[in-house]
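# Structure assessment
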Amino acid sequence: MKRIHYGWVVCLVSTLLLFVTMGTVSNGFSVFLPYIQAARGLTHAQTSSLVTLRCLVAFFAMLGIGVYYQKFSIRVGTGLAASFAGLAYLIYGFAQSYGAFCLGAAVSGLGYGLGSMIPVSILMNRWFDQHRALALSICGTGSGIATILLPPVTTALVERSSLAGAFRVEAVGVFAIAAILFLFLRSTPAEMGLRPVGAAEVPETVETQAQPAPDSFTLTPKMWAFMGCVSLFMGALANPGFAHLSVLYTSEGFDPVVVAAILSGTGVMITLGKLIYGETTDHLGGRRASLLFGGILLVGHVLCCLAFLQNLVVCGVTVLFLGIGYPIATIGPSVWANDMSSPDHYPTVVRRLQVIYAGGALLFASVPGLMADALGGYIPTYALMSGMLFLALCLVALAYREVGRRRAG
């Protein structure tokens, strides 16, 4: 019986990391917001500011993540990041004032910024020569699984116990996952006397695999301009874009039950879509997969502009296209960094693209609301996003053309 390579254990543990640092800290926390507002008497602005504060701290944490992982190994650094998430929930569990919740939000931002896709991308780059995009996609499902599982669990805990009790119970769960990270994660295959998955046999036809490169190379200034814009747009699409789906359909007259079903369905499809995207990328290559899944996501955003029709069939198709397409926004930067730079430059490139991605989410966070106030609804926002996505796909194609020219030269 063939023994399972330890790289897949690292992949599974990294999935738990993203379950905590992205799923619990971001998507899972959103379920608590109405309870926090009601139980602690916060205003709408104060409640929203908790999310903004978390995003700001996460952004600055990403800016310093290079220094952080020079001082700590990825094993220790990600364990600490998950511990920050647990500490944040513990602070929430004892918080009685707005200031205490702000402290918890800031600490959770450290967990998100230091423990999200950047260290996971570096880990998968070290542990996998084959099936790297699939491994990244499996890790990415961690946040999606949290989106599916945490809302009903959190609601049940709050209703049966209390807001503080729910936070404390989930804090224990997060600390348990942090312990698993410390126990089972390994920063490199060499620590266990192993080679990366597929290192002995790497097909030359697979575009996305990192071949042993004879030369050191990275993105040219022109490619940085292209991919910087792409990552900025993807941050806007995957964060404010997804977050405002509920208000888009609610403002167009959909019943709240239907809106909840739309969001849940999209979450399920995103989780499946990440696996499909990873496997497809490993087979077709980064350029073809990017254009294919980017095109699917573009169709999904165009369909969002038809929300005024209040047609359930159109909604179902929209959920399908959005769910399958969204993974390119979250996993794409890691794939592009792998395709467009040599292994020695990969950590720097993926870090910069992820920081730009986070910057796009911050810059675009208030745009949907401002446009809705000015233009009377959220459909113009999704029309704008469709245009941004079309431009992003054009820039991705141009960047890959530069890669082809470099290889030919």
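Keep in mind that what you see is a predicted model, and the values were worked out from it rather than measured. (Residues numbered from 1 in each chain as written. Predicted model: local features only at pLDDT ≥ 70, side-chain atom pairs only at ≥ 80, totals over all residues. Heavy atoms only, no water.)

### Regarding helix α16 (residues 346-364)
Put simply, the rule is: Numbering of helices and strands starts at the N terminus; helices are DSSP runs of H or I of at least 4 residues and strands are runs of E of at least 2. Expected span of a helix: the number of residues minus one, times 1.5 Å. Three exposure classes are used, based on accessible area relative to the maximum for each residue type with a 1.4 Å probe and protein chains only: buried under 20%, partly exposed in between, and exposed over 50%. Working rule for contacts: check all heavy atoms of both residues, and any pair within 4.5 Å makes them a contact.
Across its 19 residues, α16 extends 27 Å between first and last C-alpha, which sits within 8% of the 27 Å expected from 1.5 Å per residue. Residues of α16 that are buried include every one of Y346, V349, V350, L353, Q354, V355, Y357, A358, G359, G360, A361 and F364, and no others. Tucked into the core, α16 has its buried residues touching α3 (44-63), α7 (117-127), α10 (221-243), α15 (327-340), α17 (367-375) and α18 (379-408).

### Details of the packing of helix α1 (residues 6-30) against α7
Heads up, the rule is: Lines are fitted to the C-alpha atoms to define the axes, a helix being fitted only along its stretch in contact, and any angle between axes, read from their N-to-C directions, falls within 0 to 180 degrees. Orientation labels follow simple angle bins: below 35 degrees gives roughly parallel, above 145 gives roughly antiparallel, 65 to 115 gives roughly perpendicular, and whatever is left gives oblique. For this classification, the nonpolar set comprises Ala, Val, Leu, Ile, Met, Phe, Trp, Tyr, Cys and Pro, the charged set comprises Asp, Glu, Lys and Arg, and every other residue, Gly included, is treated as polar.
Look at α1 against α7: their axes get within 10 Å of each other, and the N-to-C directions meet at 175 degrees. Taken together, the axes of α1 and α7 lie roughly antiparallel to each other. Residues Y6, G7, V10, C11, S14, L17, L18 and M22 of α1 form the contact with α7, whose participating residues are M117, V120, L123, M124 and W127. Considering only residue class, the contact of α1 with α7 consists of 11 nonpolar, 2 polar and no charged.

### Remarks on the packing of aromatic side chains
The line we're drawing: Put simply, two rings from Phe, Tyr or Trp (the six-membered ring, in Trp's case) pair if the centres are within 6.5 Å, and we call them stacked under 30 degrees between planes, edge-to-face over 60, tilted for the rest.
Using the criterion set out here, one finds 15 aromatic pairs in the structure. Geometrically, the ring pair formed by Y89 and F167 is edge-to-face, given 5.4 Å between the ring centres and 75 degrees between the ring planes. Here the residue Y89 occupies a position in helix α5 (residues 74-94), and F167 occupies one in helix α9 (residues 163-184), the gap between them amounting to 78 residues. Classification of Y89 as buried rests on a relative accessible area of 1%. Measuring from centroid to centroid gives 5.0 Å for Y92 and F167, while their planes differ by 40 degrees, and the two rings are tilted.

### Structural notes on the environment of G115
Looking at where G115 falls in the secondary structure, it is placed in helix α6 (residues 98-115). When the C-alpha atoms of G115 and L18 are compared, they prove to be 7.4 Å apart, with 97 residues separating the residues in sequence. If near-sequence neighbours (up to four positions away) are discounted, G115 is found in contact with L17, L18, T21 and A81.

### Observations concerning the confidence of the model for the protein chain
Heads up, the rule is: One confidence number per residue, pLDDT, is output by the predictor and ranges from 0 to 100.
The share of residues in the protein chain with pLDDT of 70 or more is 95%, and the mean pLDDT across the chain is 87. The lowest-confidence element of the protein chain is helix α11 (residues 245-251), averaging 82 in pLDDT; the highest-confidence one is α5, averaging 96. Low confidence marks residues 202-214, where pLDDT is under 50. Its contacts with residues over four positions away, or in another chain, come to 35 contacts.

### Regarding a nonpolar patch on the surface
In plain terms, the rule: Residues enter patches when their relative accessible area tops 30% and they take part in no salt bridge; the joining distance is 9 Å for like charges and 5 Å for the nonpolar side chains Val, Leu, Ile, Met, Phe, Trp and Tyr. Accessibility throughout is a Shrake-Rupley quantity obtained with a 1.4 Å probe, and a residue counts as covered only by protein chains that appear here. Think of a salt bridge as a Lys or Arg side-chain nitrogen and an Asp or Glu carboxyl oxygen that are within 4 Å of each other.
Taken together, I145, I148, L149, V268, L272 and I276 make up a surface patch of nonpolar side chains, about 450 Å² in accessible area. Elements supplying a minimum of two residues to the nonpolar patch: α8 (132-160) and α12 (256-284). Relative to the helices and strands, V268 resides in helix α12. Here V268 falls in the partly exposed class, since its relative accessible area comes to 36%.

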